[in-house]
Structures are given as structure tokens and as C-alpha cells.
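Single-letter residue listing:
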Amino acid sequence: ALRTGESNPELRILIVPSLAVRLLPDALALFRRHHPDLALSVRTLHSNEIARAIALREADIGIVYGNVMHAGLNEEHVATGRLVHVSKIKQRGSDRRSTIAMEDVLREPFIRIDERDPLGAMLADQWSRLGLSPVAGMSVQTHHIAMVFAEQGFGPAIIDSFTASATRCDELHVRTLTPEIPVEIRALIPQGERSQRPIAALVSAMRSAAAASVT
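Residues numbered from 1 in each chain as written. Predicted model: local features only at pLDDT ≥ 70, side-chain atom pairs only at ≥ 80, totals over all residues. Heavy atoms only, no water.

Asker: Which residues make up the overall build of the chain, and what values go with them?
Answerer: If you tally the helices and strands in the chain, you get seven helices and 10 strands. By the compact-globule yardstick of 17 Å for 215 residues, the chain fits well, its C-alpha radius of gyration being 18 Å. Principal axes of the C-alpha set define a box for the chain whose edges measure 60 × 35 × 20 Å. Across the 215 residues that make up the chain, the buried fraction comes to 46%. Of all intrachain contacts in the chain linking residues separated by at least 6 positions in sequence, the fraction that spans at least 24 positions is 80%. (Helix = DSSP H or I, 4+ residues; strand = E, 2+ residues; numbered from the N terminus. Rg over C-alpha atoms; globule rule 2.2 N^0.38 Å. Buried < 20%, exposed > 50% of the residue type's maximum accessible area, 1.4 Å probe, protein only. Contact = heavy atoms within 4.5 Å.)

Asker: Give me the lowdown on the packing of helix α1 (residues 23-31) against helix α7 (residues 197-212), citing residues and values where you can.
Answerer: Orientation of α1 relative to α7, taken along the N-to-C sense of each, is 125 degrees, at an axis distance of 8 Å. Comparing their axes, α7 and α1 come out oblique. Handedness of the α1/α7 crossing: right-handed. Residue-level contacts link Leu23, Leu24, Asp26, Ala27, Leu28, Leu30 and Phe31 of α1 to Pro198, Ala201, Leu202, Ala205, Met206, Ser208, Ala209 and Ala210 of α7. (Axes fitted to C-alpha atoms, helices over the stretch in contact; angles between N-to-C directions. Parallel < 35°, antiparallel > 145°, perpendicular 65-115°, else oblique. Left-handed = near helix turned anticlockwise from the far one by under 90°.)

Asker: Could you give an account of the environment of proline 9, naming the residues involved and the relevant values?
Answerer: Examined against the element boundaries, proline 9 turns out to sit in the segment before β1 (10-15). Judged by relative accessible area, proline 9 falls into the partly exposed class, the value being 22%. Spatially, the C-alpha atom of proline 9 lies 8.8 Å from that of leucine 40, the residues being 31 residues apart in sequence.

Asker: Account for the nonpolar core, with residues named and values stated.
Answerer: Ranked by size, the top nonpolar core spans 52 residues in total, and within it Leu19, Leu123, Leu177 and Met206 carry the most contacts. Tallying contributions element by element places α7 first for this core, with seven residues. In this structure, leucine 177 is in contact with Leu83, Val84, Ile100, Met102, Val105, Leu123 and Ile158, ignoring residues within four places of it in sequence. (Core = buried A, V, L, I, M, F, W, Y, C linked by side-chain atoms within 4.5 Å.)

Asker: Now, about unusual backbone geometry: what can you tell me, with residues and values included?
Answerer: Among all residues save glycine, negative phi is the norm, and among peptide bonds the norm is trans. With an omega dihedral of -5 degrees, the bond running from threonine 178 to proline 179 counts as a cis peptide bond. Residue position: proline 179 is located in the loop between β9 (172-178) and β10 (182-190). The phi torsion at arginine 57 lies on the positive side, around 60 degrees, for a residue other than glycine. In this fold, arginine 57 is placed in the loop between α2 (47-55) and β3 (61-65). Judged by relative accessible area, which is 41%, arginine 57 ranks as partly exposed.

Asker: A description of the pairing of strand β2 (residues 39-44) should follow, citing residues and the corresponding values.
Answerer: Two elements, β1 and β2, share six bridges in a ladder whose sense is parallel. Bridge pairing links isoleucine 15 to threonine 44 in β2. Read from β1 through α1 to β2, the crossover connection turns out right-handed. (Pairing = 2+ DSSP bridges. Right-handed = clockwise from strand over helix to strand, strands pointing away.)

Asker: Which residues make up α2, and what values do they have?
Answerer: Three or more residues of α2 are buried, namely Ser47, Ile50, Ala51, Ala53 and Ile54. Buried residues of α2, viewed axially, fall in a sector of 170 degrees; they line one side. In this structure, the buried side of α2 is in contact with β1, β3, β4 (73-88), α4 (118-129) and β10. A positive backbone phi angle near 60 degrees is found at arginine 57, which sits one or two residues after α2. (Arc of directions from axis to C-beta.)

Asker: Can you break down the pairing of β4 residue by residue, with the values?
Answerer: Consecutive side chains along a regular strand alternate between the two faces of the sheet. Pairing analysis gives nine bridges linking β4 to β10, with the strands arranged antiparallel. Residue pairing across strands places leucine 73 opposite proline 190, the latter belonging to β10. In this sheet, strand β8 (residues 157-160) lies alongside β4 in antiparallel orientation, the contact comprising four bridges. If you follow valine 86 over to β8, its bridge partner there is alanine 157. Two elements, β4 and β9, share five bridges in a ladder whose sense is antiparallel. Note that in β9 the partner of histidine 85 across the bridge is arginine 175.

Asker: Provide a residue-level description of the side chain of histidine 143, including the pertinent values.
Answerer: Within the element layout of this structure, histidine 143 appears in helix α5 (residues 143-151). Contacts of histidine 143, omitting those with residues within four sequence positions, involve Ser18, Tyr65, Ile113, Asp117, Leu119, Ile159, Asp160 and Thr163.

Structure, rendered in C-alpha cells:
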């Protein structure tokens, strides 16, 4: 319908769960200024599932972490953030430093993303390169869940900076992880599709919202 100009078209969006909490609503607030009446369908899936669904044209656009390298997709860069360490102020080991070394994080149990997630795998690769291994802690599926657990005092967590910007907890201390590990957000579009105006507008709105959320 977006291609042919049929009445009542729908923009089908797939997005990773953590980015649907704040970044997508912020982007849609901008998007709605130019497309107030366009119907939207929003579903949350993990990055690899989104890539498969977009390749099968089950949605119009997917928003994921990292580079999925799928032959049936076009990718557009949206934003680059970083992995950060979040912890509840006043818990053991917390301080006011703005950075924290990977070696220091791995000395204590922490909440991390499952290694089947692209960012979880990236983190595991990083500590492997340093010849380090983590103390047994907690593994979860999404960055937002990790942040909520950290807010509740279950321990520090490593999440992406975009998710960290969504916290409403004044007691959550955010520090950049060193060595710095970049986190990319990309938009996926079925290969061979021209970027239709609503899709291009959503990508633009995502970029603006991401820039405003930098932690």
C-alpha cells in the first residue's frame, strides 16, 4: 500500500524490545508531525528474528542493534552509541567516576545480556580478547530488563547507552565502559525496495531521537 498509494496504508515496524521503550516513542512523536494519520503496526523481536522477517517482507522496516549482514536486506545507519555500566548508587563498589574498566567489572558478579544477542556476543568477544572471564552473575534477554534489575539493586549491569537514557531512576549511576565498545543502531529494509517517504521519515526521526538521547 505504501508503494502503490492505496488508501489506509499501514507502516509495519519491527524493533528490538529495549529500543521500543523510549527511543521509538520519541521518534514517533517527531514522525507524527508529518504523518499524523498513517496507521502503524509495531512488533518487538530480537535482531536476528527481525532480519529474517524483513528479508521475508513481513514488515516494512526493522530497527536492530549491529550489522546483521543479511543478503536480502538493505541497511541504513541510524546512530552509534556505546556499552555502559549501570549500577544503583550506594551499592557496594559504586562511585562517581564517569568510566569503569572492563577488568574492574569482571571482578564482581554483574547482569549481562545473553551471548546469543549480538551485543552480548560482542561483549563476550571483548573480554575474551583481554584474556578475562566474568564472575558468575545474571544473564537476561534484553537491555531494558538488565537495566530494571540494576535499578532494583540486583547488581550492576552492562547495557547500551540508548537504553540507559530511558531510566527514570535518579539513583542509577551510568559509566562508560573502557575500552569503549561502540553500539550501532541500524534500519533494515527489504533489498530492492526504494526507501518510501514514510520509511525515510521514520529513519530520520530515529536519528534525531537517538541524537537527543545521548548519555
